[in-house]
Amino acid sequence: MPVNAEKEITKLWRNLHNAQSEICKTFYRWREVAIEVAGPDVKPLDIALKAAEMMGKDMGKNFLPRLNWLKGEETFMMNLGRALAGIWVTEGGTAMAEKGENPGEIFIRCTRCPWPTAAKEFGVPMEEVALTRERLFQTILEDVNVFFNINLKIEMLKAIPRGEGEYLLKLYKEE
Amino acid sequence: MAKVLFEWDYSSYPGAKAYPNLFKPIQMGNLMVPNRIKYAATEDNLNDHNGFITDADVAYMRSRAEGVVGGLCFMQGVYMDEAGKGQGYVGQAACWDDKYVEGLKRIADAIHGEKAIAGFQLMDCGRVGAVEVESGHGPSTVPQRLRIFKPMYEMTNAEVKEMVQQHVDAAKRGVEAGFDVMEISGIVGYLISNFVSSYTNRRTDEYGGDIRGRCQAMVEIIQGVKEVCGPDIPVGIRLCSEELLNDVKGNTPEESMETYKIAEEAGADYISCTLGWQESIFPVISRDIPQGNWLYLAKRAKENVKIPIQMAYRLFTPDKPDKAVADGGLDIWEICRSMIADPLMPKKVLEGREDEIRHCVACNLCLARLFRDAPMTCYINPRCAHEHDENFTPKPAEEEKEIMIVGAGPAGMECAYVAAQRGHEVHVYDKRGEVGGTLLDASRAPYGDEELMTCVNYQKTMCEKAGVQFHFNNEVTDELIADEMPDTVVLATGPVYPVIEDSEDRDDVVNVLDVLSGKAQVGETVVVWGNRKPGIGVALFLAKQGKKVTIVGKEKSAGFDINPSFKWRYMIYLKQNGVMAYNDCDIEELNDGEIIVKTYDGYRFPVKCDTVVVSEREANESLKKIVQAEGIELFVIGDALVPRNLSSAVHDGYRIGLRI
């Protein structure tokens with residue numbers, strides 16, 4: 001039986017998108033569980049930030065075997081930026097890493113992000129989405145910094161949930 | 001006058017004439033070592049989980065002590081802290097209390113019983129430790145690169161001093177147990193290497209900073225251990241000559257040589273030269289590294305220090321170390337995996353029985369087992385770690401039988417010589433004209449697979465010496481079985497290769513063995529069906545010829561049957577050679593110029609190809625019914641039973657050879 005490429009790709013694409021949308025939804029379902037278990041005295045934002053920290057810490061560990069200082073600082077930073085952008089892409093976003101104007105500076109630009117849409121469904125404030133994203137990336141860097149004995153920072157300059165049209169994060173080396 | 005523990009005279013042995021440099025004495029500290037051979041300290045996971053020595057470990061060490069024929073025989077490194085942060089292996093021997101001395105004495109006595117020099121090793125596993133506890137200790141809190149290892153926490157200044165004292169106390173216990181040489185382990189990511197390395201030591205106190213500061217803990221340990229050992233017990237250290245950690249800002253080779261000089265200044269009587277850490281991204285000891293590749297590092301070490309230099313690392317045969325000793329580039333040949341594979345390897349060299357050596361095939365299964373908390377085993381030596389077990393020792397057969405073994409591959413050959421040694425009359429039949437079976441073809445795969453043939457060469461010698469009779473170019477049929485009517489038939493025929501539907505008459509569908517042996521014509525765009533080791537081997541074989549190769553296989557990951565300590569090499573080679581692997585897939589259709597691949601969850605896609613190489617295998621059922629119908633005792637072994645690997649073939653053969 002000949003392969004119907006259009007049918008196969010459509011099926012595969014649809015399933016990929018379903019799986020991607022489940023990533024955000026699963027996070028927010030767990031957020032609701034955690035809020036209920038934690039009780040009324042704990043702020044939802046604190047729970048979300050704590051979750052971002054724990055997830056970031058774990059994701060950072062996955063970065064360690066893949067990064068290589070031998071390729072030079074510039075390539076190292078670009079590879080790190082691409083890996084961070086790759087997280088968004090896996091989740092169903094559109095993101096890329098770009099060289100900054102200054103040496104040791106990389107920008108991560110995300111023009112499509114699934115998180116605000118999912119957050120709306122669960123009644124999550126948009127500012128929480130922005131702060132959680134930023135915290136996630138910051139904690140990913142923690143182990144990377146210690147492991148390679150460097151001091152990299154990441155800062156969110158723009159965010160879609162803040163109505164700024166895109167996310168823009170600056171990854172840079174603090175002297 | 002240097003101390004002599006045991007008198008050895010090698011002058012009448014052929015090996016001493018062939019390799020005169022390996023069988024001449026050397027002074028280490030104040031001790032005279034009769035030869036240049038050392039069984040290097042090797043973890044075996046054979047002791048109990050509280051660190052006490054077991055019968056299995058004593059027997060394991062005794063056989064290695066016999067092997068070094070008067071040379072140095074080191075037991076595995078002991079951990080020295082009660083908290084177990086320094087314990088890297090579940091069956092590692094402990095030495096943090098006097099209660100362990102009695103067991104350790106059993107090891108020293110066993111080694112002395114073979115007139116060999118007993119070596120004791122102090123090994124805090126540091127970054128690769130804490131196997132039974134939540135976290136480990138190190139000079140600084142540097143995250144682990146590999147998730148298999150526990151998180152590390154920085155030791156306080158007081159804890160560092162306590163750790164130094166633990167080494168000294170353990171050395172004292174080692175001396176009390178009767179050991180003759182003391183060794184400190186500072187390699188592959190263990191604690192001393194963590195202190196020495198710029199990668200893992202970020203301290204600012206006296207144990208950190210520049211290379212001298214980073215070596216301070218090592219210096220204090222050497223000096224403290226020397227003091228308790230006295231003048232007659234040499235104290236050595238194992239140190240990395242190159243860490244191979246440039247990608248994470250580890251020490252430079254120059255800094256590593258500086259550590260050698262500092263160790264010598266501190267009073268070390270010898271240095272064992274090693275390289276790489278367990279988390280290095282470069283291969284060091286796998287089969288794809290040529291023999292003798294690292295000898296230049298021993299030579300460089302000798303140019304930097306005056307004390308004796310020892311080295312293992314891809315030195316499996318005596319010729320290279322003998323020459324290196326003669327050329328002044330090495331002092332002592334360390335042996336590790338080669339004596340796991342054959343504990344009597346150096347003894348056989350001395351006695352001129354090199355053809356009886358079962359050579360290590362550098363598969364690293366032994367290492368993979370240790371990291372998975374399993375007792376030591378060897379891919380090709382079924383007796384390894386069973387030296388204490390009577391059931392693994394060949395005994396004369398109660399009833400002598402006439403045995404027909406069908407297949408002269410590694411399974412059949414192993415079974416043949418073991419059974420023949422036990423007194424059976426053994427006949428091996430093979431349709432080919434030589435021994436080796438499928439290994440003859442499999443060993444043509446690239447990246448060192450030719451070393452696999454050493455297994456068959458060994459078996460052939462053993463068969464010949466045990467009086468096994470070979471019948472080559474002789475395919476076993478039901479008539480032959482009926483004519484011979486042996487008491488026992490062992491089917492070691494190897495696997496069969498399944499036929500893809502509707503491919504019977506196609507010349508573009510070929511068998512993996514025919515490809516490797518050069519019998520089959522293969523086009524430029526190839527699909528290999530099967531993603532286990534045979535599939536990977538043939539894929540690399542073809543990719544090396546410049547062909548575009550795609551692997552399609554049912555296993556969830558390619559090479560799932562290859563042990564993890566070696567598999568990573570193959571994954572890199574597949575990538576380097578541009579081989580694409582579709583795992584969890586099967587071939588659904590075979591068309592002209594393409595196949596249709598179907599994924600486990602039903603997606604279908606075409607892959608262009610002009611040849612399909614079948615490397616999937618199935619158990620071989622032929623002859624089974626015929627033998628059973630004749631009422632003859634029957635055993636099926638190796639890939640004929642279940643297609644697996646060389647190791648399973650050898651182990652099957654050995655066990656059945658013992659049982660018949």
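Quantities reported herein were computed from a predicted structural model and do not represent experimental measurements.

(A) View of the interface of chain A and chain B. On the chain B side, the residues contacting the 22 residues of chain A number 23 residues. Together, the buried faces of chain A and chain B total about 1900 Å²; carbon and sulfur atoms form 54% of this surface. Of all residues in chain A, the largest losses of buried area upon contact with chain B belong to A:Met1, A:Val3 and A:Phe147, amounting jointly to 31% of the total for that side. If you look at where chain A meets chain B, you find 1 salt bridge. Applying the counting criterion to the chain A and chain B interface returns 9 residue pairs in polar contact (both at pLDDT 80 or more). Of all the secondary structure elements, the ones that give two or more residues to the side of chain A that touches chain B are helix H1 (5-38), helix H2 (44-63) and helix H5 (126-148) of chain A.

(B) Inspection of the sheet that holds strand S18 (residues 509-511) of chain B at higher detail. All names here are of chain B. In spatial order, the strands read S18-S25-S19-S20-S21; together these 5 strands make up an open sheet with parallel pairing. Edge positions in the sheet fall to S18 and strand S21 (580-582), since each has one partner strand and no second. Here the strands of the sheet are splayed against their neighbours by 25° on average, with no regard to which way each runs. Pairing analysis gives 4 bridges linking strand S19 (residues 525-529) to strand S25 (residues 611-614), with the strands arranged parallel. Residue pairing in the sheet places Val 526 in a bridge with Thr 611 of S25. Packed onto the sheet, helix H19 (residues 533-543) meets S19, strand S20 (548-552) and S25 and runs at close to 170° relative to S20.

(C) Representation of unusual backbone geometry. Residue and element names in this part refer to chain B. Its identity as a non-glycine residue notwithstanding, Tyr 447 has a phi of 65°, on the positive side. With respect to the element layout, Tyr 447 can be found in the loop between helix H15 (439-442) and helix H16 (453-466). Although it is not a glycine, Met 485 sits at a positive phi angle of roughly 40°. For Met 485, the location among the structural elements is in the loop between helix H17 (478-484) and strand S17 (488-491).

(D) A look at the domain arrangement of chain B. Residues and elements named next belong to chain B. Its domain assignment divides chain B into domain 1 (3-371), domain 2 (394-496 + 619-659) and domain 3 (509-614). Between domain 2 and domain 3, the residue contacts involve 11 residues of the former and 13 residues of the latter. Interface area for domain 2 against domain 3, summed over the two sides, is near 1000 Å², with a carbon-plus-sulfur share of 61%. Scanning the region where domain 2 abuts domain 3 turns up 1 salt bridge. The salt bridge involving Asp 449 is made with Lys 533; its shortest N-O contact spans 2.8 Å.

(E) Region of the structure containing the sheet that holds strand S4 (residues 167-173) of chain A. All names here are of chain A. Pairing is antiparallel in the open sheet, where 4 strands are placed in the order S1-S2-S4-S3. The two strands at the open ends of the sheet, each matched to only one other strand, are strand S1 (94-99) and strand S3 (152-158). Each strand axis lies, on average, 20° off the axis of its neighbour in the sheet, ignoring direction. In terms of strand pairing, strand S2 (residues 105-112) meets S4 through 6 bridges, oriented antiparallel. In the sheet register, Arg 109 faces S4, and the bridge partner there is Leu 168. Here helix H3 (residues 73-91) sits on the sheet in contact with S1, S2, S3 and S4, set at roughly 165° to S1. Contacting S3 and S4, H5 crosses the sheet at an angle of about 165° to S3.

(F) Looking closely at the nonpolar core. Residue and element names in this part refer to chain B. If you look at the biggest cluster of nonpolar residues, it comprises 158 residues, and the most contacted ones within it are Met 75, Leu 104, Leu 122 and Met 218. The element best represented in this core is helix H14 (residues 410-421), accounting for 8 residues. Counting contributing residues, this core receives three or more from each of domain 1 (3-371) and domain 2 (394-496 + 619-659). Those residues within four positions of Leu 104 in sequence are excluded, and the remaining contacts are Ile 53, Met 75, Val 78, Ala 94, Cys 95, Phe 120, Ala 177 and Phe 179.

(G) Representation of the state of the cysteines within the structure. Residues and elements named next belong to chain B. Using the criterion set out here, one finds 0 disulfides over all chains in the structure. Cys 240 provides the cysteine sulfur closest to Cys 273, a residue in no disulfide bond, and the two sulfurs are 9.0 Å apart. Take Cys 273: its relative accessible area is 0%, and that puts it in the buried class.

Each value, and the rule that gives it
- Residues numbered from 1 in each chain as written.
- Chains lettered and ligands numbered in written order.
- Predicted model: local features only at pLDDT ≥ 70, side-chain atom pairs only at ≥ 80, totals over all residues.
- Heavy atoms only, no water.
- Contact = heavy atoms within 4.5 Å.
- Buried area = accessible area lost by both parts, 1.4 Å probe.
- Salt bridge = Lys/Arg side-chain N within 4 Å of Asp/Glu carboxyl O.
- Polar contact = N/O pair within 3.5 Å; in protein donor to acceptor, adjacent residues only side chain to side chain.
- Helix = DSSP H or I, 4+ residues; strand = E, 2+ residues; numbered from the N terminus.
- Pairing = 2+ DSSP bridges.
- Axes fitted to C-alpha atoms, helices over the stretch in contact; angles between N-to-C directions.
- Domains from an automatic or database assignment.
- Core = buried A, V, L, I, M, F, W, Y, C linked by side-chain atoms within 4.5 Å.
- Buried < 20%, exposed > 50% of the residue type's maximum accessible area, 1.4 Å probe, protein only.
- Disulfide = S-S within 2.5 Å.

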